[in-house]
Amino acid sequence: MKPEEAAQAIRDKAPAYGEAKAQRVYLEEFRKSQKALLMREALKMGFEAANAQEREAYADPVYAKLLRGLAAAIEKEETLKWEIEAARLDIEIWRTREATNRMQDKAHQ
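Quick notes on the overall build of the protein
Across its full length, the protein carries three helices and zero strands. Taken against the 2.2 N^0.38 rule, which gives 13 Å for 109 residues, the C-alpha radius of gyration of the protein at 24 Å runs more than 25% over that of a compact globule. Referenced to the eigenvectors of the C-alpha coordinate spread, the extents of the protein come out at roughly 85 × 25 × 15 Å. Counting only residues that meet the buried cut, the protein has 22% of its 109 residues in that class. Long-range contacts, defined here as pairs at least 24 residues apart, represent 71% of the contacts in the protein between residues at least 6 apart. When the accessible surface of the protein is summed, it comes to about 8000 Å², and 56% of that surface belongs to carbon and sulfur atoms. Side chains of the protein carry 20 positive and 20 negative charges; the gap between the two charge centres is 2 Å.

Right, dumping it as structure tokens:
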């Protein structure tokens, strides 16, 4: 990949990466709120002890669904992150090749 194409790939993926990271952070924070809401529901159902409320919250299908969404968000973020990193490496490889070519040209003069 040419360095210009690699740089453009980074620019093209940057907004999607930002959105993916924002979604991941949001879900990580919302997970705490969701757990608290589910624990409150468990309290209403008669679970007095905090550890019992927590167990009920973790076992709730709503919480499991949230975790699946978080996993998908992390997967998307990490995929974009490594695609961007691969484009950066393409630029670095190009730089190294160019430096090697310059050294070889000087050696043959």
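Considering the pattern of salt bridges
This model, assessed by the stated rule, comprises ten salt bridges. A salt bridge links Glu41 to Lys44, with the nearest nitrogen and oxygen atoms 3.7 Å apart. Taken together, the residues span about one helical turn, with Glu41 and Lys44 both in helix α1 (residues 3-44) at a distance of three residues. On the basis of relative accessibility, which here comes to 61%, the residue Lys44 falls in the exposed class. In this structure, the salt-bridge partner of Glu85 is Arg88, at a minimum N-O distance of 3.4 Å. Residue Glu85 and its partner Arg88 are both found in helix α3 (residues 61-107); the two are separated by three residues, about one turn of the helix. Under the relative-accessibility criterion, Arg88 is labelled partly exposed at 44%. In the salt-bridge network here, residues are joined through shared partners; they are Arg24, Glu28 and Glu77.

Let's talk about the side chain of Arg24
Along the polypeptide, Arg24 turns up in helix α1. What Arg24 contacts, discounting residues up to four positions off in sequence, is Leu70, Ala73, Ile74 and Glu77.

Details of the packing of α1 against helix α2 (residues 50-59)
At a minimum axis separation of 8 Å, α1 and α2 run at an interaxial angle of 115 degrees. In this structure, α1 crosses over α2, and the sense of that crossing is right-handed. Contacts between α1 and α2 involve Lys35, Leu38, Met39, Ala42 and Leu43 from the first element and Ala50, Gln53, Glu54, Glu56, Ala57 and Tyr58 from the second. When its residues are assigned to classes, the contact of α1 with α2 shows seven nonpolar, one polar and three charged.

Some thoughts on α1
Between its terminal C-alpha atoms α1 stretches 60 Å, which fits the 62 Å expected from 42 residues at 1.5 Å a residue. Of the surrounding elements, those touching the buried residues of α1 are α2 and α3.

What counts, and at which threshold
Residues numbered from 1 in each chain as written. Predicted model: local features only at pLDDT ≥ 70, side-chain atom pairs only at ≥ 80, totals over all residues. Heavy atoms only, no water. Helix = DSSP H or I, 4+ residues; strand = E, 2+ residues; numbered from the N terminus. Rg over C-alpha atoms; globule rule 2.2 N^0.38 Å. Buried < 20%, exposed > 50% of the residue type's maximum accessible area, 1.4 Å probe, protein only. Contact = heavy atoms within 4.5 Å. Areas by Shrake-Rupley, 256 points an atom, 1.4 Å probe, with all protein chains shown as cover. Lys, Arg positive; Asp, Glu negative; His and termini not counted. Charge placed at Lys NZ, Arg CZ, Asp CG, Glu CD. Salt bridge = Lys/Arg side-chain N within 4 Å of Asp/Glu carboxyl O. Axes fitted to C-alpha atoms, helices over the stretch in contact; angles between N-to-C directions. Left-handed = near helix turned anticlockwise from the far one by under 90°. Nonpolar A, V, L, I, M, F, W, Y, C, P; charged D, E, K, R; others polar. Expected span 1.5 Å × (residues − 1).

Just geometry here; none of it tells us what the structure is for.
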